[in-house]
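# Analysis of the macromolecular model
Listed here are the chains, written in short residue letters.
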Amino acid sequence: MADRGGFEALDACVHCGFCLQACPTFLATGDEADGPRGRIELMRALEAGELAVDDPAVRIHLDRCLGCRGCEPVCPSGVGYGRGIEAARALLATRRDPAPLARAALWALTTAGASGIVYALARLLRATGIPARLAGWGRFRFAMGMLAASAAKGGGGRGRSVKVGGGAPRSNLHHPPPSSTTSPVLLFRGCVMDGLFAHVHDATVRTLEVNGYAVREVPGQVCCGALHAHAGLREAARQLARVNVAAFAAGDEPIVVNSAGCGAMLKEYAHLVDAGPFAARVRDVTELLAARGPRPGAPVDLQVAYDPPCHLLHAQRIADEPHRMLAAIPVLRVASLPDAAQCCGSAGLFTLLEPAMSRAVLAPKIESLRAASPHVVATGNPGCIMQLGAGLAAAGLPTRARHPVELLDESYRAAGYYA
Ligand code: SF4
Ligand code: SF4
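Because the structure is predicted, anything quoted here is derived from the model rather than measured.

Close to ligand 2 lie 13 residues; Cys 23, Cys 65, Cys 68, Arg 69 and Cys 71 are nearest. The set of elements that each furnish at least two residues to the shell around ligand 2 consists of α1 (24-29) and α2 (36-48). Looking at the shell around ligand 2, its residues break down into eight nonpolar, three polar and two charged.

This paragraph deals with unusual backbone geometry. The residue after Gly 293, namely Pro 294, is reached through a cis peptide bond having omega -15°. The backbone of Arg 69 sits at a positive phi, close to 65°, despite the residue not being glycine. The topology assignment puts Arg 69 in the loop between α3 (56-63) and α4 (81-95). With a relative accessible area of 12%, Arg 69 lands in the buried category. Although it is not a glycine, Ala 347 adopts a positive phi angle of roughly 55°. Residue position: Ala 347 is located in the loop between β6 (333-336) and α18 (350-353). Under the relative-accessibility criterion, Ala 347 is labelled partly exposed at 24%.

Of all residues adjacent to ligand 1, which total 13 residues, the nearest are Cys 13, Cys 16, Gly 17, Cys 19 and Cys 75. Grouping the amino acids of the shell around ligand 1 by side-chain chemistry returns nine nonpolar, three polar and one charged.

Turning next to the pattern of salt bridges. Applying the stated criterion to the full structure yields 23 salt bridges. Between Glu 47 and Arg 4 there is a salt bridge whose closest N-O contact spans 2.9 Å. Within this pair, whereas Glu 47 is found in helix α2, its partner Arg 4 is found in the segment before α1, the two being separated by 43 residues in sequence. Note that Glu 410 and Lys 153 form a salt bridge whose closest N and O atoms lie 3.3 Å from each other. In this pair, Glu 410 is assigned in helix α21 (residues 404-415) and Lys 153 in the loop between α8 (139-149) and β1 (183-187), connecting sequence segments 257 residues apart. Residue classification places Glu 410 among the partly exposed positions, given a relative accessible area of 22%. A residue is classified by how much of its surface remains accessible, and Lys 153, at 51% relative accessible area, is exposed. Here the salt bridges do not stand alone but share partners, grouping Arg 69, Glu 72, Glu 268 and Arg 317 into one network.

Definitions and cut-offs
Residues numbered from 1 in each chain as written. Chains lettered and ligands numbered in written order. Predicted model: local features only at pLDDT ≥ 70, side-chain atom pairs only at ≥ 80, totals over all residues. Heavy atoms only, no water. Near = heavy atom within 4 Å. Helix = DSSP H or I, 4+ residues; strand = E, 2+ residues; numbered from the N terminus. Nonpolar A, V, L, I, M, F, W, Y, C, P; charged D, E, K, R; others polar. Buried < 20%, exposed > 50% of the residue type's maximum accessible area, 1.4 Å probe, protein only. Salt bridge = Lys/Arg side-chain N within 4 Å of Asp/Glu carboxyl O.

Following this line, the structure appears as structure tokens:
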């Protein structure tokens, strides 16, 4: 049978429409073609050749899909929408180059060497405090808000995460766990996380070590390829996947990821390459911490709204573990937003490429946060932290967006696990 490249994942759709109310873009426009059921029809017609790849309806409505996969868990037929949309975008990319802005962003954010310079300049700009002052609505000001939102608490943060090495714990723990419980894990660094969220990598290493994991670096790893796959650049994503599978090939230790988008991509490498046992080794950081309890920390007196990244909740189906991790922080008050399952509108490059739809999807989330007025909105994905942080700043709200692991790290530091 011919390889259909992922379109076959759409075959199970029976047009029931149960997915419509879970789709942020359908809710934003009310247009059937901006919902999963309509898009599936467009994709089927595209595969069958009944619609041309340059058909404007195909382009507009598929481009406006966030790829959030909110339509998957609610589908009683088990439609694999995420696979289908990536197949459709890969087909579109064979006849249409990605937008120049998408190409430029991919080059700047994910190209080894060049991205290091881009991130260094971005960190310098962030450290001036200018992006925080310029944050607001409008393309440029929103981008400034996103950069400002990537900063560590207090606005600073070291430039690069300190590399851990040789399996030796790095944190000089004051209260180490029994050595009999120590198990090695390998850190996946990613590109945006490594470039702008060094403080989250450091917090990941420290909190894992408190819970008996010895975190090791893996040389030769590269970008996960998620942004490329979402843009339809499947061959580029495949090449990155091959490099990562080879880099992590030695050993069978868990591979820890603190970016939901990267984690979802890594867990689905088998769709791109012969990944062997790689995907089964990938764990979100909250999975590993929840598996160990985790050890309780000191009280942190904050009200937190937990907002799960779509690629954690819908793609990886991880719902309880972040809550179990946050439950290790005494006094912390955690509540989910009423629309927690809805996308924030970040969706990788979507926020840059489709700003109008992205902001329309973000708007109800910001209103939920305005009503809840937590101190912190916690979400485990760099794009979501930046999108929510920029939206909050533009709306003039004091709530800060942070990674959940940062909160546990703060609690552990206060408990004296490390200086
Ligand atoms: S994707 Fe699933 S929920 Fe949506 S219309 Fe098709 S079968 Fe129904
Ligand atoms: S992936 Fe998200 S935006 Fe796209 S159809 Fe599904 S729910 Fe809607």
